[in-house]
Amino acid sequence: MYDVLIVGAGGAGLSAALSAHQEGAKVAVLCESYPTRSQTSMAQGGINAALGNVEEDSTALHIEDTLKASGELGSKKMITKLCEDAPKSVRWLESIGMPYSRTQEGKIAQRRLGGASSMRACYAQDFTGLKVLHTLFDQCLKEDITFLNEKFLLNFVVEENVVKGVTCLDIRSTNVELYQAKTVIVATGGYSALYYGFTTNTNQSTGDGIAAALRAGAKLSNMEFVQFHPTGLKKSGILISESARGAGGKLVNQKGERFVDELKARDAVSRAIYAQIEEGNEVFLDIRHLGETFINEQIPQERKLAITYAGVDPVSEMIPIAPVAHYSMGGIQVDSEMMSSIEHMFAVGECASSRVHGANRLGGNSLLEIISFGKMAGHNAAILSTSSDYVEPSEKQFDSDKRFIRGVYNFTNQIDFYEKREFLGKICYRNAGIVREDITLKAVLSALRQMQREFPFMGLGDRSTTYNTNLVEFIKFGNILELGEVLLVNATQRIESRGAHYRIDYPQPHKSYKKESISWKEDGTLCADFKRVTS
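Overview of the structure. No experiment lies behind these values; they were computed from the predicted model shown. (Residues numbered from 1 in each chain as written. Predicted model: local features only at pLDDT ≥ 70, side-chain atom pairs only at ≥ 80, totals over all residues. Heavy atoms only, no water.)

## Concerning the overall build of the protein chain
Right, on to step 1. Summing up its helical and strand segments, the protein chain has 14 helices and 19 strands in all.
Right, on to step 2. Computed over the C-alpha atoms, the radius of gyration of the protein chain is 22 Å, within 12% of the 24 Å expected from 2.2 N^0.38 for a compact globule of 535 residues.
Right, on to step 3. Seen through its C-alpha atoms, the protein chain measures out along the principal axes to roughly 65 × 50 × 45 Å.
Right, on to step 4. Residue pairs in contact within the protein chain that sit at least 24 positions apart in sequence constitute 73% of those at least 6 positions apart.
Right, on to step 5. A total of about 20,300 Å² of accessible surface is found on the protein chain, and carbon and sulfur atoms cover 48% of it.
Right, on to step 6. Within the protein chain, the 64 negative side-chain charges are centred at a point lying 3 Å from the centre of the 59 positive side-chain charges. (Helix = DSSP H or I, 4+ residues; strand = E, 2+ residues; numbered from the N terminus. Rg over C-alpha atoms; globule rule 2.2 N^0.38 Å. Contact = heavy atoms within 4.5 Å. Areas by Shrake-Rupley, 256 points an atom, 1.4 Å probe, with all protein chains shown as cover. Lys, Arg positive; Asp, Glu negative; His and termini not counted. Charge placed at Lys NZ, Arg CZ, Asp CG, Glu CD.)

What follows is the structure, given as structure tokens:
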């Protein structure tokens, strides 16, 4: 048994692990794959902090920019906490080896990202997330923190609204395992894989921790808000970082016309690009004028990605781009201590709705959140674990999940769920993505619910019991169907446009919806409501 069990080994999970370990807790990190493969590595642009290096910047401006981006759905209290802690978080990373890019004076280099009023994002070329992840993982190895790799989360063990541990699938053997813990931190990432084929995320971003939390009785918040990044490569969706636009990259159509301020908030830029594409235009990111030396020194990864996945060299050619799903603002609702509505269950990072992003995340704040709030979640979980008695759970959940896995092997394979996954990604992108309206949202919801009914007929093609990725992907598809329903119900009920949620039938925000959406399940039935944002 562990004092603190962390599910997810990205930046949020590793930050939490280090913090809990520092408090003397017995810590383990449970990971579907391996830590260095987490989605954190895809965050390229930077981590926000008003360090005082730029005269026109301040913590107050950072707070103001974040509140503005949130579409009035951010909590000023939580945003203030995040922004005030930012310099400390950046310096803490530096103290454990984060290799930031530097100015000629030796200061941490900073760049401006979209929606920011100043050069605030601290970066390491365009590998910031990757360097953050490796720095944290190296530190975890030094501290000899336990990692439980290749364990896929099935469910949380919850009794009398207190979490007691998790059940998981050992991917190597397909055995169901039970891990008990005094506290659990969920750090499993977001759900942008709903938009399969149209996302910068990996296909693993199916919101597994959020879906399991919903089944366990936790409340979710703001699930309809998904941020679309303006510059994914047109054919693959692979991210071309905002750092390219922050450095002076231009967005143009095939006529060479610029049609939007490139450093507006991401939702506005994505809609402008989408409108150009709907009119029959092609859209490109042009960084040729930055020069080969600058590109190789400051944004080398963007050049490599464009050459490898689009067949164009941005030193001499424009990069074909399209907006794609990038970040999910919604997730498990948590309080100011990162505690969910289930006692002893914390959540942090993209899987959590901590009321700092609201309707639209400010670029550069996600890496900040996983460090600042990750450390806070780890600290709070560790302290709670030392002050609480632990009563062992029954094996009810464990036995149920073993029966489920055995049962999946007996499902018929009449319907190919891979085809359904691809179809769902297409219709969600077209009808529940950058632009939305009532009739198409309801059509997608109807199609998704039909897939839920057909799920028992989408059995396995591979019935092996060793490294059965077909089994894991099947369960993940079930999770994304569960969360897709929540997103679509919330998006249908939010009869307005706000942040990343844009309704062409209701293009303006409405004061009646200056509220968080809240979702939960009662006896297996999805319930939804709106609640005013607390200060």
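Picking up after the structure, the text goes on.
## Points about the nonpolar core
If you look at soluble globular proteins, the nonpolar side chains tend to sit buried side by side.
Right, on to step 1. With 130 residues, the main nonpolar core has Leu5, Leu93 and Phe156 as its most contacted residues.
Right, on to step 2. The dominant element in this core, judged by the number of residues it contributes, is helix 14 (residues 469-493), at 13 residues.
Right, on to step 3. Non-local contacts of Leu5, meaning those with residues more than four positions away in its chain, are made with Ala28, Leu30, Leu148, Val166, Tyr179, Ala181, Thr183, Val184 and Ile185.
Right, on to step 4. Ranked by size, the runner-up nonpolar core spans 20 residues in total, among them Ile240, Ala244, Val269 and Val283. (Core = buried A, V, L, I, M, F, W, Y, C linked by side-chain atoms within 4.5 Å. Buried < 20%, exposed > 50% of the residue type's maximum accessible area, 1.4 Å probe, protein only.)

## Notes on unusual backbone geometry
Right, on to step 1. Phi is positive for Asn161, close to 65 degrees, though the residue is something other than glycine.
Right, on to step 2. Considering the arrangement of structural elements, one finds Asn161 in the loop between strand 7 (151-159) and strand 8 (162-170).

## A closer look at the side chain of Arg245
Right, on to step 1. Looking at the secondary structure, you find Arg245 in helix 6 (residues 242-246).
Right, on to step 2. Exposure remark for Arg245: the relative accessible area of 2% places this residue in the buried category.
Right, on to step 3. Non-local contacts of Arg245, meaning those with residues more than four positions away in its chain, are made with His229, Pro230, Thr231, Leu251, Glu262, Leu263, Val269 and Leu285.

## Some words on the environment of Lys164
Right, on to step 1. Looking at where Lys164 falls in the secondary structure, it is placed in strand 8.
Right, on to step 2. The exposure class assigned to Lys164 is buried, which follows from its relative accessible area of 10%.
Right, on to step 3. C-alpha of Lys164 to C-alpha of Tyr467: the two residues are 303 residues apart in sequence and 27 Å apart in space.
Right, on to step 4. Sequence-distant contacts of Lys164, defined by excluding residues within four places in its chain, comprise Val157, Glu159, Tyr179, Gln180, Ala181, Tyr390, Val391 and Pro393.

## Here's the deal with the sheet that holds strand 4 (residues 110-111)
Right, on to step 1. Spatially, 3 strands are ordered 3-5-4 in an open sheet, and the strand pairing comes out antiparallel. The sheet terminates laterally at strand 3 (47-48) and strand 4, the two strands that pair on one side only.
Right, on to step 2. Note that strand 3 and strand 5 (residues 121-122) share 2 bridges and pair antiparallel. By the bridge assignment for strand 5, Asn48 is matched with Ala121. (Pairing = 2+ DSSP bridges.)

## Observations regarding the pairing of strand 9 (residues 175-186)
Right, on to step 1. Inspection of the sheet shows strand 1 (residues 2-7) paired to strand 9 by 5 bridges, in the parallel sense. By the bridge assignment, Ile6 is partnered in strand 9 with Ile185.
Right, on to step 2. Pairing of strand 8 with strand 9 involves 6 bridges; the strand directions are antiparallel. Pairing of Val166 across the sheet is with Tyr179, part of strand 9.
Right, on to step 3. Adjacent in sequence and paired antiparallel, strand 8 and strand 9 are bridged by 4 residues, among which Thr174 carries a positive phi angle near 60 degrees.

## Here's the deal with the packing of aromatic side chains
How two aromatic rings sit relative to each other is set out by the distance from centre to centre and by the angle between their planes.
Right, on to step 1. On inspection of all chains with the given rule, the structure shows 11 aromatic pairs.
Right, on to step 2. With centroids separated by 5.4 Å and ring planes inclined at 85 degrees, the aromatic side chains of Phe137 and Phe147 adopt a geometry described as edge-to-face. On the criterion of sequence distance, the pair formed by Phe137 in helix 4 (residues 128-142) and Phe147 in strand 6 (residues 146-149) is long-range, its members being 10 residues apart. The same class applies to Phe137 as to Phe147, namely buried.
Right, on to step 3. Each ring, one from Tyr195 and one from Phe228, has its centre 5.2 Å from the other, and the planes form 80 degrees; the classification is edge-to-face. (Phe/Tyr/Trp six-rings, centres within 6.5 Å; stacked < 30°, edge-to-face > 60°.)

## Description of the pattern of salt bridges
Right, on to step 1. All chains considered together, the criterion is met by 33 salt bridges.
Right, on to step 2. Residue Lys514 pairs with Glu72 through a salt bridge whose shortest N-O separation is 3.5 Å. On the criterion of sequence distance, the pair formed by Lys514 in the loop between helix 14 and strand 18 (515-522) and Glu72 in the loop between helix 2 (59-69) and helix 3 (76-95) is long-range, its members being 442 residues apart.
Right, on to step 3. Assessed through its relative accessible area of 36%, Lys514 is described here as partly exposed.
Right, on to step 4. Salt-bridge contacts for Lys442 lead to Asp438; the nearest nitrogen and oxygen are separated by 3.2 Å. Residue Lys442 and its partner Asp438 are both found in helix 13 (residues 438-454); the two are separated by 4 residues, about one turn of the helix. (Salt bridge = Lys/Arg side-chain N within 4 Å of Asp/Glu carboxyl O.)

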